[in-house]
Amino acid sequence: MKIGKRKLEELNLMDDFLFFEAVSGEKGEWFCRLLIRAICQRDVKDIQINPQNMIQGSDTMRHGIRMDLYVDESGRCLYDFEPDKYTDKKLLPKRNRYYRALLDGRLLEAGEEYDKLPDMWTIFILSRDPFGKNRMCYTIKNKIIEEPDTQYEDGAVSLFLYTKGAKGGSKQLTQLLNYIVESKEENAVSEELKELHRYVTRIKRRKEVGVRYMKSWELEKMWRREAREEGREEGRKEGIGQGRVDTLQEMILLVLAQKGDICDEMIEKIQQQKEMDVLERWLHVVLETDMLEEIKEKLCDTVH
């Protein structure tokens, strides 16, 4: 999570914390359908939402991923939404390739035919122009270079949405992106966006959401402090990584201790986990779940 020193009411849907709360709340499915309709020009009905979905690498030494929003349309089509204000634009194409490869590798059971592989849309919502052409929407599909008019249908579509792009983009998409970037009443210019703004406003006013935001803010400060301390001794990059891992582990154990007695197995599991993405997801779980047995089950689910 990337959380700045702003008040909760100042956050926009481009911010990880508020986006997560919106897709996880009581109108999360409605919000996801709005995103798919405005961005992909598709109307969907039966969907399953997986906010901040974790996928492990092939083993503990391989890079895992965390998808901000993973939506499953009854196994027929998958949507991965990634609001992103920080990633270096040079890394986006290969990040996109890696995310899709890791996800595709989990979708077919042994013996299943390749035609069972669902279609997949990967949507990056970006505050910086990824290709420098001032377009609102860059659509990426595989094609045959020598025969560009011949269709190559592998079911994969990638969209890179530049929120400030001046070229292209439907009216509905333009209005939605404007609201995502600045989630204010004056940008809620359609009936759907007015409904979305009422929903976002309710989220920001909830006491429990404010508590979660403050905890996230405190964690971010601790990560940075720990990273600075580690960086002095081990070098900046290594220090940031190890410092955040250690701090996440400590925070998870601290929160768990407040909920009851922690078994040795759970302590060992947390201490052995070195993937920051997994630890961040586990921290969300322990903050949002009261019963230790339920927490234990959810921690196991995130790594299978």
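Going along each chain's sequence as written, the residues are numbered from 1 onward. Where local features are concerned, this predicted model is filtered to residues with pLDDT of at least 70; where side-chain atom pairs are given and counted, the filter is 80 or more; whole-chain, interface and lining totals use all residues. Excluding hydrogens and water, the side-chain figures rest on all heavy atoms present in the structure.

S.K.: So what's going on with the side chain of Gln249? Which residues, and what values?
M.R.: Secondary structure follows DSSP: runs of H or I at least 4 residues long count as helices, runs of E at least 2 residues long count as strands, and numbering of each begins at the N terminus. Turning to its location among the elements, Gln249 is positioned in helix H7 (residues 236-257). A polar contact is formed between the side chain of Gln249 and the backbone oxygen of Gln271, at a distance of 3.1 Å. Among the polar contacts listed, one links the side chain of Gln249 to the backbone oxygen of Gln273, at a separation of 2.9 Å. The contact criterion used throughout is that any non-hydrogen atoms of two residues lie within 4.5 Å. In this structure Gln249 touches Ile270, Gln271, Gln273, Lys274 and Leu279, once residues within four positions along its chain are discounted. In protein, a polar contact means a hydrogen-donor-capable atom and an acceptor-capable atom, both N or O and within 3.5 Å, with residues adjacent in sequence counting only if both atoms are side-chain atoms; elsewhere, any N or O pair within 3.5 Å suffices.

S.K.: Can you explain helix H3 (residues 92-104)? Please cite residues and give values.
M.R.: Under the convention used throughout, the expected extent of a helix is 1.5 Å for every residue step, that is, one less than its residue count. When the terminal C-alpha atoms of H3 are compared, their 18 Å separation across 13 residues agrees well with the 18 Å that a helix rising 1.5 Å per residue should span. Of the positions making up H3, those classed as buried are Leu92, Arg95, Asn96, Tyr99, Arg100, Leu102 and Leu103. The buried residues of H3 all sit within an arc of 165 degrees when viewed along its axis, so they share a single face. Counted as exposed and oriented over 90 degrees from the buried face of H3: Lys94 and Arg97. Elements in contact with the buried residues of H3: strand E1 (48-55), strand E2 (65-73), strand E3 (77-84), strand E4 (119-126) and strand E6 (156-162). When a residue's accessible area, from a 1.4 Å probe over protein chains only, is under 20% of the maximum for its type it is buried; when over 50% it is exposed; and in between it is partly exposed. Each direction from the helix axis to a C-beta atom contributes to the arc, which is the arc of those directions.

S.K.: How would you summarise the sheet that holds E3 if you had to cite specific residues and measurements?
M.R.: The six strands are arranged E1-E2-E3-E4-E6-E5 in an open sheet whose pairing can be described as mixed. Either end of the sheet is taken by a strand with one partner, and the two such strands are E1 and strand E5 (137-140). Direction aside, the axes of adjacent strands within the sheet are offset by 20 degrees on average. Against the sheet, helix H2 (residues 28-40) engages E1, E2, E3, E4 and E6, with an angle of about 90 degrees to E3. Here, any two strands with at least 2 DSSP bridges between them count as paired. Orientation is described by axes fitted as lines to C-alpha atoms, over the contacting stretch for helices, and by angles from 0 to 180 degrees between their N-to-C directions.

S.K.: Tell me about the packing of helix H1 (residues 16-24) against helix H5 (residues 191-205), and name the residues and values.
M.R.: Where H1 meets H5, the axes come as close as 10 Å, and the angle between the chain directions of the two elements is 110 degrees. Taken together, the axis directions place H1 and H5 in an arrangement best described as roughly perpendicular. Judged by residue contacts, Leu18, Glu21 and Ala22 of H1 engage Tyr199, Val200, Ile203 and Lys204 from H5. Working rule for angles: under 35 degrees goes down as roughly parallel, over 145 as roughly antiparallel, 65 to 115 as roughly perpendicular, anything else as oblique.

S.K.: Kindly report on the pairing of E3, identifying the contributing residues and their values.
M.R.: Burial analysis of E3 places eight of its eight residues in the buried class, which makes it a mostly covered element. Judged by which residues are buried, E3 turns out to be covered on both faces: Cys77, Tyr79, Phe81 and Pro83 on one side and Leu78, Asp80, Glu82 and Asp84 on the other are all buried. Of the pairings in the sheet, the one linking E2 to E3 comprises five bridges and is antiparallel in character. The residue of E3 that forms the bridge with Asp72 is Leu78. With antiparallel pairing between neighbouring strands as the criterion, E2 and E3 make up a hairpin whose turn holds three residues, including Ser74 at a positive phi of roughly 50 degrees. Strand direction decides the pairing type here: E3 and E4, joined by eight bridges, are parallel.

S.K.: Describe the packing of aromatic side chains, with residues and values.
M.R.: Aromatic rings in a pair are described by how distant their centres are and how their planes are angled relative to each other. For Phe, Tyr and Trp, where Trp contributes only its six-membered ring, two rings pair if their centres lie within 6.5 Å, and the inter-plane angle classes them as stacked under 30 degrees, edge-to-face over 60, or tilted in between. This model, assessed by the stated rule, comprises five aromatic pairs. Consider the rings of Phe17 and Tyr213, whose centres lie 5.2 Å apart with planes at 55 degrees: the pair is tilted. With a gap of 196 residues between them, Phe17 in helix H1 and Tyr213 in helix H6 (residues 207-234) connect regions that are remote in the sequence. We classify Tyr213 as buried; its relative accessible area is 2%. Judged by centre distance (6.0 Å) and plane angle (70 degrees), the ring pair of Phe19 and Phe31 falls under edge-to-face. Separated by twelve residues along the polypeptide, Phe19 in helix H1 and Phe31 in helix H2 bring together distant segments of the chain. With relative accessibility at 0%, the residue Phe31 sits in the buried group. Grouping aromatic residues by their ring pairs yields a cluster made of Phe124, Phe131, Tyr138 and Phe160.

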